[in-house]
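Observations on the three-dimensional arrangement
Next come the chains, spelled out residue by residue.
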Amino acid sequence: MTCAECLSQLATSSLREMPADSAVMQHCATCPDCSRLTTLLREREYNAANVLNNLPPTSNPITLAESSVRLAQRRRVGRVVVMVSGAALVATIWVTAVTMILPVARRSEIVANSPLRTETITLRCLSPEQAADIINPYVRSRGSGYYMPNSRISAITVRGTADEVAKSRNLIGSFESDPSAACRSTPFGMLKKLGEEDASNDGGRGMFHRPGEGTSNDATPAVAGKATTAPKK
Amino acid sequence: MRLNRFGKSGGRDVSQPERPSHRDRTAHAIDAQLASLASSGDDSAFTTLVTRFQPAVFRWALMFAGDADEAEDITQEVFVRTYRQIGNYRNDGSLEAWLYRITRRAATQMRRKRTRRGRLALSPGAQPLRDVYTTDPGGRVDRERAGTLIRELFAKLPRRQREIFDLVDLQGFSPTEAAERTGMKPVSVRANLFKARKAIREDLLATHPSYGELSR
């Protein structure tokens, strides 16, 4: 056996399991260098085992046992505290979700899934208030309503079922297209109309009443169908 | 309880049959009784158990730790866990092997924790001072020697190889026993042992003055 072979054997095999009659040991018996190396290896492992095994722990076993018991109990308490805190956290999250988040989500879901329609109707003649007065009795289902713009835009937004929206549109449309609607009458037209009515009543004396001539001395045109009375002196 | 293949209790010869001796059976019975009493809340039984196993646990911890102080911390942690989990111990296995597994786990977890904390530490000043054995100079020298030895001998080895080398070559367990303790396959134990020996001895041979001439 050469020294190189001996070294390669020594590098990986157990010194304990090498019998005295093995090739390595026989080579070591004749080779001073390999023998020295083998001794060195043995000594090093022996010293390592010896130091490790003979190094006593510094802590007293009784103290160690007591502190272990104390620590274990403290950790148990800590675990309970952590569990309780966790449960409280979960409960808080649940309550928050039930009372705050879910209703909002449900409401938005209802809004998203509701069968109500929204439509803005442009007004040419009626004011939004007048349009609202007209459609008010017809927009009655749950969640329905109408919105009047604050910025004096001539429009009204109706929210309701398809029938309600259609009804509102038709009503507003019919009022808007009526030529005799109040909103189409200018003050001059109204006066002219009144004059024609008076002429047909009192033999064509004109559209204005002269003072002391008629039944009424009021300069204001009378509204059709409204009785006028003489001023008391 | 075997501690040393070079002295004390000595290692078991591989060729011998692995029948437990009367002494082993007695020790096993005592351990089982201690464990049973400790699990029922008997603190004095637990103290006896600690007294009985502290040197062995410390010895195992030394192999996993970088120095003796860290080994003390691991030992403390092992007995805290033992107290909490002693009710889970079943008498069909050896208490020593059960404690070894706890030591292994505790050492691994503490090492991970230390690594994390080491990463988090901003400055060297954040590291706690570990030199607390100023009252016993002899003991301190021994511990420093052990620390140096561990660093010199095992620092270059991965944890698993270090553990296997210690179990087989220093503590005298057979590869099969080491495999049972560590939960590894015997083949893996042998492979790790092979690598560990190679690394340790090649390191030693490389530092030897005559190695250069011999290896030519």
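Quick note: structure is the one above.
Residues numbered from 1 in each chain as written. Chains lettered and ligands numbered in written order. Predicted model: local features only at pLDDT ≥ 70, side-chain atom pairs only at ≥ 80, totals over all residues. Heavy atoms only, no water.

This part is about the interface of chain B and chain A. With 56 residues of chain B in contact, the opposing surface of chain A contributes 46 residues. A salt bridge links Arg 75 of chain A to Glu 77 of chain B, with the shortest nitrogen-to-oxygen separation between them at 2.8 Å. Joining chain B to chain A, the criterion identifies 5 residue pairs in polar contact (both at pLDDT 80 or more). Counting only elements with at least two residues in the side of chain B that touches chain A, the list comes to helix H2 (43–64), helix H3 (68–85), helix H5 (137–154), helix H6 (159–170), helix H8 (186–207) and helix H9 (211–214) of chain B. If one sorts the elements of the side of chain B that touches chain A by residue count, H2 of chain B sits on top with 11 residues. Across the side of chain B that touches chain A, the residue classes break down as 28 nonpolar, 10 polar and 18 charged. (Contact = heavy atoms within 4.5 Å. Salt bridge = Lys/Arg side-chain N within 4 Å of Asp/Glu carboxyl O. Polar contact = N/O pair within 3.5 Å; in protein donor to acceptor, adjacent residues only side chain to side chain. Helix = DSSP H or I, 4+ residues; strand = E, 2+ residues; numbered from the N terminus. Nonpolar A, V, L, I, M, F, W, Y, C, P; charged D, E, K, R; others polar.)

Residues and elements named next belong to chain B. Interaxial distance between helix H1 (residues 22–39) and H2 falls to 8 Å at its minimum, and their mutual angle equals 140°. With respect to H2, the axis of H1 lies oblique. Helix-helix and strand crossings are classified by hand; for H1 and H2 the assignment is left-handed. Of the residues in H2, those in contact with Ala 27, Ile 30, Asp 31, Leu 34, Ala 35, Leu 37 and Ala 38 of H1 are Ala 45, Phe 46, Thr 48, Leu 49, Arg 52 and Phe 53. (Axes fitted to C-alpha atoms, helices over the stretch in contact; angles between N-to-C directions. Parallel < 35°, antiparallel > 145°, perpendicular 65-115°, else oblique. Left-handed = near helix turned anticlockwise from the far one by under 90°.)

In this section: the nonpolar core. Residues Phe 46, Leu 95 and Phe 154 of chain B are the most contacted members of the largest nonpolar core, which totals 58 residues. Beyond its immediate chain neighbours, meaning those up to four positions away, Phe 46 of chain B contacts Ala 65, Ser 68 and Val 69 of chain A together with Ala 38, Phe 79, Thr 82 and Tyr 83 of chain B. Counting residues in hydrophobic clusters, the runner-up holds 13 residues, among them Ala 131, Ile 134, Val 158 and Leu 171 of chain A. (Core = buried A, V, L, I, M, F, W, Y, C linked by side-chain atoms within 4.5 Å. Buried < 20%, exposed > 50% of the residue type's maximum accessible area, 1.4 Å probe, protein only.)

Here we come to the side chain of Glu 163 of chain B. All names here are of chain B. As for its position among the elements, Glu 163 is in helix H6. Taking relative accessible area as the criterion, Glu 163 reaches 1% and is therefore assigned buried. Apart from residues lying up to four places away in sequence, Glu 163 is in contact with Met 63, Phe 64, Tyr 100, Arg 104 and Thr 182.

As a further point, take the sheet that holds strand E2 (residues 145–147) of chain A. Residue and element names in this part refer to chain A. Spatial strand order, E1-E3-E2: 3 strands in an open sheet with antiparallel pairing. Each end of this open sheet is capped by a strand with a single partner; those strands are strand E1 (117–122) and E2. Going across the sheet, the axis of each strand differs from the next one's by a mean of 20°, ignoring polarity. As judged from the 3 bridges shared by E2 and strand E3 (residues 155–160), these two strands associate in the antiparallel manner. Paired with Tyr 147 across the two strands is Thr 157, which belongs to E3. Running at roughly 30° to E3, helix H5 (residues 128–135) makes contact with E2 and E3 of the sheet. (Pairing = 2+ DSSP bridges.)

Now for the packing of aromatic side chains. Residue and element names in this part refer to chain B. As enumerated under the stated definition, the model contains 4 aromatic pairs over all chains in all. Relative to Tyr 100, the ring of Trp 60 has its centre 5.2 Å away and its plane inclined at 85°; by these criteria the two rings are edge-to-face. In this pair, Trp 60 sits in helix H2 while Tyr 100 sits in helix H4 (residues 95–120), placing the two residues 40 residues apart along the sequence. Classification of Tyr 100 by relative accessible area gives buried; the value is 2%. When the centroid spacing of 5.3 Å and the interplanar angle of 50° are considered together, the rings of Tyr 89 and Trp 98 count as tilted. When sorted by exposure, Tyr 89 lands in the same class as Trp 98, which is buried. An aromatic cluster is built from Trp 60, Phe 64 and Tyr 100, whose rings are joined through pairwise contacts. (Phe/Tyr/Trp six-rings, centres within 6.5 Å; stacked < 30°, edge-to-face > 60°.)

With 23 residues, helix H3 (residues 32–54) of chain A ought to run about 33 Å at 1.5 Å a step, and its terminal C-alpha atoms sit 32 Å apart, in line with that. Listing the buried residues of H3 of chain A in full gives Cys 34, Leu 37, Thr 38, Leu 41, Glu 45, Ala 48, Ala 49, Val 51, Leu 52 and Asn 53 of chain A. (Expected span 1.5 Å × (residues − 1).)

Moving on to the environment of Ser 67 of chain A. Residues and elements named next belong to chain A. Its place among the elements puts Ser 67 in helix H4 (residues 61–113). For Ser 67, a relative accessible area of 14% corresponds to the buried category. For Ser 67, the side chain forms a polar contact with the main-chain oxygen of Leu 64, separated by 3.0 Å.

Attention shifts here to the pairing of E3 of chain A. For a regular strand, side chains alternate in direction, first toward one face of the sheet and then toward the other. Residue and element names in this part refer to chain A. Burial runs high along E3: 6 of the 6 residues are buried. In E3, alternate side chains face the same way, and those of Ala 155, Thr 157 and Arg 159 on one face and Ile 156, Val 158 and Gly 160 on the other are all buried. In terms of strand pairing, E1 meets E3 through 6 bridges, oriented antiparallel. Considered in E3, the bridge of Thr 122 is made with Ala 155.

Our focus in this paragraph is the packing of helix H2 (residues 23–30) of chain A against H3 of chain A. Between two packed helices, what matters for the description is the angle formed by their axes and the separation of those axes. Residue and element names in this part refer to chain A. Relative to each other, H2 and H3 sit at 115°, their axes nearing to 6 Å. The handedness of the crossing between H2 and H3 is left-handed. Contacts between H2 and H3 involve Met 25, His 27, Cys 28 and Thr 30 from the former and Pro 32, Cys 34, Ser 35, Thr 38 and Arg 42 from the latter. Tallied by class, the residues present in the contact of H2 with H3 amount to 4 nonpolar, 4 polar and 1 charged.

To continue, consider the pattern of salt bridges. Evaluated as defined, the whole model comprises 12 salt bridges over all chains. The shortest N-O distance in the salt bridge between Asp 166 of chain B and Arg 59 of chain B comes to 2.5 Å. Here the residue Asp 166 of chain B occupies a position in helix H6, and Arg 59 of chain B occupies one in helix H2, the gap between them amounting to 107 residues. Among the ionic contacts, a cluster of salt bridges with common partners joins Arg 75 of chain A together with Glu 77 and Arg 81 of chain B.

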